[in-house]
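# Fold and contact review
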Amino acid sequence: MSMNPSAPVCEVCNVWTEYGPTIIHQDLNLEVQHGEVMALVGGSGSGKTTLLRHIVGLTEPSRGEIRLFGKVLATLDREQQRQTRNRFGMLFQQGALFSALNVFENIAFPLRELRQFDEDAIHLLVMHKLALVELEPRHAWLLPAQLSGGMIKRVGLARALALEPELLVLDEPTAGLDPDRSENFVRLVKNLRHQLGLTVIFVTHDLDTLTSLTDRVAVLADQRIVACCELRQLGMVEHPFAQNFFQGVEHRLKLLG
Amino acid sequence: MADATFRVEDRPDGSRNVVLSGCWSLRAVDNNFADLREQLRPFFADPFTHWDLTGIEQIDSAGATVLLSGWGHRLDNRITLLPEQRTQFTTLASLPARLSMQTGRGRVKTQAQRSWESYLAFVSHLLDFIGLMGALLLEILHLLRHPHEIPWKEISANVYKGGVLALPVTGLVGFMIGIAMSYLMALQLRKFGADIFIINILGLAIIRELGPILMAVLVAGRSGSAMTAQIGVMRVTEEIDALATMGISRVLRLIFPKVIGLTLVAPLLVFWTSCWALVGGMIAAKLQLGIGFAFFLDYLPRVVQPVNLSLSMVKALMFGLLVTLIACHFGLRVKPNTESLSANTTTSVVVAITAVILVDAVFAIFTRNVGL
């Protein structure tokens with residue numbers, strides 16, 4: 001298998017999303033390069049999660065196309081689709097853990113589906129992923145209902161990482177966590193990114209998460225991407241939402257130096 | 001990214017050297033670790049094989065795990081690693097091994113333990129059920145003192161959902177059963193020349209037994225399961241807790257309207273079902289035995305005493321109450337996971353139907369001298 005490292009991991013080309021008369025995305029373009037952390041910001045209801053769902057292939061845009069690793073998911077056959085889907089991991093806003101399975105089985109699920117590992121290897125891999133997200137082995141036998149909010153996110157992340165993906169898609173990774181935990185979570189994602197060489201796309205409202213994690217930020221407003229640049233250059237963008245947003249980020253950036 | 005491969009070299013001392021190369025990771029999507037493990041199995045088994053991993057482009061936890069578990073979770077000097085690979089493998093090897101962990105599964109229970117557990121489960125169900133009835137009674141007493149709190153809207157919604165929307169299906173099923181019964185019995189009765197008795201048999205069987213039972217089975221399957229699932233999901237999504245924090249009693253707002261709504265509508269449904277079953281029976285009797293509609297309707301009240309209708313209504317009230325109470329009981333026992341939701345919904349329907357038939361049998365024995 002050959003891979004061109006300079007090709008974008010994810011390309012969103014002229015995407016339109018329409019629900020009846022409501023237009024959510026209008027001729028939207030976005031590129032995420034290999035190895036970068038891209039944040040998607042925008043007001044509530046601006047279509048961030050919808051865009052994320054398009055990217056991972058849960059929904060299809062009305063017009064335009066989305067290429068992941070250079071391929072359009074919908075055009076692939078079943079086997080290729082499965083292979084491409086295994087190259088990215090998604091963390092849902094509420095975790096979306098399988099409620100009937102315990103933590104171990106949740107993380108083991110994608111590994112078992114691959115049918116390449118025996119029980120011994122699966123056990124070791126699950127323990128490795130648990131250690132990666134800083135959970136203890138004894139947590140493996142808990143059910144999702146017995147976990148705290150922060151733990152659910154961690155287990156969700158561990159499950160998303162189970163197949164060693166190249167791309168991680170996070171929907172509001174720190175929403176609902178206290179500042180301490182959300183800081184921990186950000187540190188975790190940062191570490192993982194260095195350890196595993198991940199590309200990350202994430203949606204967030206949390207300015208702290210944004211300033212400490214992101215390389216580039218894409219601002220979604222007026223049904224399109226009004227700015228896609230480094231956080232520091234956001235001040236130069238002539239758009240009320242971007243300006244407003246930058247004011248919130250500015251002093252945090254100064255603190256970081 | 002090259003796929004994971006390996007080659008085997010002979011060493012001067014007669015042992016073998018396995019040299020791994022390529023990309024031992026899941027990111028090379030054409031890798032199949034099951035095949036690789038199979039191909040490496042003879043070398044894993046040989047304790048004198050040397051391993052050289054220095055030629056590997058990239059190795060991730062999946063590749064490392066397959067190798068490590070092949071080596072029996074040990075690293076020794078037969079294995080040549082790059083420094084960063086060594087860190088990776090040492091980390092993996094330090095994780096708790098599978099056999100050392102108490103998984104909480106796999107313990108075999110004896111028959112005695114299992115019976116004891118099912119006995120305990122039964123007792124806990126019984127206690128919960130009694131508790132539910134007690135809570136309902138207290139709410140009714142509360143409502144008697146504060147009549148303005150009666151949730152009329154919810155009751156009406158339940159009458160509509162459990163009653164009005166059930167009319168087509170109960171009517172249809174009643175009609176079909178009526179035709180089937182009448183048709184079969186007509187064949188038998190004609191042999192004895194006892195054609196006229198079809199009215200007695202149909203009237204008694206449908207009004208006294210089949211109508212209430214049919215209604216109960218249909219309502220348990222239709223409304224009972226819906227109630228269990230609804231209350232169950234509300235527990236899963238913490239909606240019931242939300243109600244409680246607003247100071248609204250869950251029994252008053254959720255259980256009471258369902259119980260009252262369905263109990264009140266049950267006699268009407270039974271009447272409706274029985275009517276359609278009789279219509280079906282009449283049609284079959286006319287086609288098979290030539291008994292006219294007018295004669296059938298004229299003769300029916302003379303052979304089936306009106307008290308049977310009252311019995312049927314009493315049964316309907318009991319069955320409606322029983323089905324709803326059981327549905328609510330199981331709904332409240334749903335734990336916040338999908339498995340528990342499906343298990344409780346199934347059990348709710350099964351238990352409701354069994355309980356209805358059980359109560360019907362007991363009722364039949366106690367009323368054996370009434371109306372026959």
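Reading the values: rules and limits
Each chain has its residues counted from 1, following the order in which its sequence is written. Lettering for chains starts from A, numbering for ligands starts from 1, and both go in the order in which the items are written. Only residues with pLDDT of 70 or above have their local features reported here, since the model is predicted, and side-chain atom pairs are shown and tallied only from 80 upward, although totals for entire chains, interfaces and linings are computed over all residues. Computation of side-chain values: all heavy atoms of the structure, hydrogens and water removed. Only DSSP runs of H or I reaching four residues or more are called helices, and only runs of E reaching two or more are called strands; each is numbered from the N terminus. We compute the radius of gyration over the C-alpha atoms and compare it with the globule rule, which gives 2.2 Å times the number of residues raised to the power 0.38. Any two residues having at least one pair of non-hydrogen atoms within 4.5 Å are treated as being in contact. In short, Shrake-Rupley with a 1.4 Å probe defines the accessible areas, and a residue's cover is counted only from the protein chains shown. Just so you know, the count uses Lys and Arg for positive and Asp and Glu for negative, and it drops His and the chain ends. The atoms used to mark charge sites are NZ of Lys, CZ of Arg, CG of Asp and CD of Glu. When two parts are brought into contact, each loses some accessible area as probed by a 1.4 Å sphere; the total of that loss over both is the buried area. By salt bridge we mean one thing: a side-chain nitrogen of Lys or Arg within 4 Å of a carboxyl oxygen of Asp or Glu. Per-residue confidence from the predictor is reported as pLDDT, which spans 0 to 100. For two strands to count as paired, DSSP must find a minimum of two bridges between them. Buried residues are those whose accessible area, probed at 1.4 Å on protein chains only, stays under 20% of the maximum for their type, while exposed residues exceed 50% and partly exposed ones sit between those limits. Between rings of Phe, Tyr and Trp, where Trp is taken as its six-membered ring, a pair exists when centres lie within 6.5 Å; planes separated by under 30 degrees are stacked, by over 60 edge-to-face, and by other angles tilted. Counted as over-ring charges are cases with an Arg CZ or a Lys NZ within 6 Å of the ring centre that also lie within 35 degrees of the ring normal. With its strands directed away from the observer, a crossover is right-handed exactly when the path from the first strand over the helix to the second travels clockwise. Only the stretch in contact is used when fitting a helix axis, every axis being a line fitted to C-alpha atoms; angles between N-to-C directions are given from 0 to 180 degrees. Note on terminology: angles under 35 degrees are roughly parallel, angles over 145 are roughly antiparallel, angles of 65 to 115 are roughly perpendicular, and the others are oblique. Here is the rule for handedness: rotate from the far helix to the near one, and if that takes an anticlockwise turn smaller than a right angle the crossing is left-handed, while a clockwise turn gives right-handed. All amino acids are sorted into three groups, where Ala, Val, Leu, Ile, Met, Phe, Trp, Tyr, Cys and Pro are nonpolar, Asp, Glu, Lys and Arg are charged, and the leftover types, Gly among them, are polar. We define a nonpolar core as any set of buried Ala, Val, Leu, Ile, Met, Phe, Trp, Tyr and Cys residues linked to one another through side-chain atoms lying within 4.5 Å.

## Remarks on the overall build of chain A
Looking only at helices and strands, one finds eight helices and ten strands in chain A. In terms of overall dimensions, chain A is globule-like: its C-alpha atoms have a radius of gyration of 18 Å, near the 18 Å expected for 257 residues. Seen through its principal axes, chain A has C-alpha atoms that stretch 55 × 45 × 35 Å. Long-range contacts, defined here as pairs at least 24 residues apart, represent 63% of the contacts in chain A between residues at least 6 apart. Of the roughly 11,200 Å² of accessible surface on chain A, 49% is carried by carbon and sulfur atoms. In chain A, 25 positive and 30 negative side-chain charges are present, and the distance between their average locations comes to 1 Å.

## Quick notes on the interface of chain A and chain B
Listed as interface residues are 34 residues of chain A and, on the opposing side, 33 residues of chain B. For the pairing of chain A and chain B, the buried interface totals around 2,900 Å² over both sides, and the portion due to carbon and sulfur atoms is 60%. Our count for the contact surface shared by chain A and chain B stands at one salt bridge. For the salt bridge of D118(A) with R37(B), the shortest nitrogen-to-oxygen distance reads 4.0 Å.

## Digging into the confidence of the model for chain A
A residue-level look at chain A finds 97% of positions with pLDDT of 70 or above and a mean pLDDT of 85. Mean pLDDT per element in chain A: helix 8 (residues 240-256) of chain A is the minimum at 80, and strand 8 (residues 199-203) of chain A is the maximum at 91.

## Observations concerning the pairing of strand 10 (residues 224-230) of chain A
Residues and elements named next belong to chain A. Bridge count for strand 9 (residues 216-221) against strand 10 is six bridges, and the pairing is antiparallel. Along strand 10, the bridge assignment pairs L220 with I225. Hairpin connection between strand 9 and strand 10: a loop of two residues separates the two successive antiparallel strands, and D222 in this loop has a positive phi of roughly 50°.

## Some remarks on the pattern of salt bridges
Applying the stated rule across the entire model yields 25 salt bridges over all chains. Between R252(A) and D208(A) there is a salt bridge whose closest N-O contact spans 2.7 Å. One end of the pair, R252(A), is in helix 8; the other, D208(A), is in helix 7 (residues 207-213), with 44 residues separating them in the sequence. Taking the relative accessible area as the measure of exposure, R252(A) reaches 22% and is therefore partly exposed. For K315(B), the salt bridge goes to E209(B), with nearest N and O atoms at 2.8 Å.

## Section: the packing of aromatic side chains
In this structure the tally under the stated criterion is twelve aromatic pairs over all chains. A centroid spacing of 5.2 Å and a plane angle of 20° characterise the contact between F44(B) and W51(B), whose relative ring orientation is stacked. Across the pair, exposure class does not vary: F44(B) and W51(B) are buried alike. In this structure an aromatic cluster arises from ring pairing among F44(B), W51(B), W71(B) and F89(B). Taking the ring centre of W16(A) as reference, the NZ or CZ of R63(A) above it sits at 4.2 Å. Across the ring face of F69(A), the terminal group of R87(A) is positioned such that the distance to the ring centre comes to 4.1 Å.

## Re the pairing of strand 8 of chain A
Residues and elements named next belong to chain A. Taken across its five residues, strand 8 has five buried, putting it largely inside the fold. In this sheet, strand 8 lies alongside strand 7 (residues 167-171) in parallel orientation, the contact comprising five bridges. Its bridge partner being in strand 8, V169 is matched across the sheet by I201. As for the winding sense of the linkage, the β-α-β connection from strand 7 through helix 6 (residues 179-196) to strand 8 is right-handed.

## Topic: the sheet that holds strand 6 (residues 88-91) of chain A
Residues and elements named next belong to chain A. In space, the six strands of this open sheet follow the order 6-7-8-3-9-10, with mixed pairing throughout. Lying at the two open borders of the sheet, with one neighbouring strand each, are strand 6 and strand 10. Sheet twist, expressed as the average angle between the axes of neighbouring strands with direction ignored, equals 15°.

## Focus: the sheet that holds strand 1 (residues 10-19) of chain A
All names here are of chain A. Pairing in this open sheet of four strands is antiparallel, and the strands run 2-1-4-5 from one edge to the other. Here the strands that pair on one side only, and so sit at the sheet edges, are strand 2 (22-32) and strand 5 (71-72). In this sheet, strand 4 (residues 63-68) lies alongside strand 1 in antiparallel orientation, the contact comprising five bridges. Looking at strand 4, one finds that C13 is bridged to E65. Running over the sheet, helix 1 (residues 48-55) touches strand 1, strand 2 and strand 4 and is turned about 120° from strand 1.

## Here we look at the environment of I207(B)
All names here are of chain B. You can see I207 is positioned in helix 7 (residues 197-236). Remark: the alpha-carbon pair of I207 and F43, spanning 164 residues in sequence, is separated by 79 Å. Excluding residues that lie within four positions of it along the chain, I207 makes contacts with L202, P212, L278, V304, N308, L309 and S312.

## Brief notes about the packing of helix 5 (residues 152-162) of chain B against helix 9 (residues 250-289) of chain B
All names here are of chain B. The geometry of helix 5 relative to helix 9 is characterised by a closest axis approach of 8 Å and an angle of 45° between their N-to-C directions. The orientation of helix 5 with respect to helix 9, classified from their angle, is oblique. Seen along the crossing, helix 5 lies across helix 9 with a hand that is right-handed. Contacts between helix 5 and helix 9 involve E154, I155, N158, V159 and G162 from the former and R253, F256, P257, K258, I260, G261, L262, V265 and L269 from the latter. The residue makeup of the contact of helix 5 with helix 9, split by class, is eight nonpolar, three polar and three charged.

## Comments concerning the packing of helix 7 of chain B against helix 10 (residues 293-303) of chain B
Residue and element names in this part refer to chain B. Packing of helix 7 against helix 10 leaves a shortest axis separation of 9 Å and a crossing angle of 65°. The handedness of the crossing between helix 7 and helix 10 is right-handed. Listed contacts from helix 10 to I199, N200, L202 and G203 of helix 7 are F295, F296, Y299, L300 and V303. The residue makeup of the contact of helix 7 with helix 10, split by class, is seven nonpolar, two polar and no charged.

## Quick word on the nonpolar core
Among the nonpolar cores identified, the biggest contains 86 residues, and F117(A), L157(A), L234(A), W24(B), L53(B) and L67(B) are the most heavily contacted of them. Sorting elements by how many residues they give to this core places helix 4 (residues 119-132) of chain A first, with eight residues. Not counting residues up to four positions away in its chain, the partners in contact with L157(A) are L91(A), V133(A), L168(A), L170(A), F185(A), L188(A), V189(A) and L192(A). Counting 40 residues, the second-largest nonpolar core is a separate cluster that includes I213(B), M234(B), L322(B) and L325(B).

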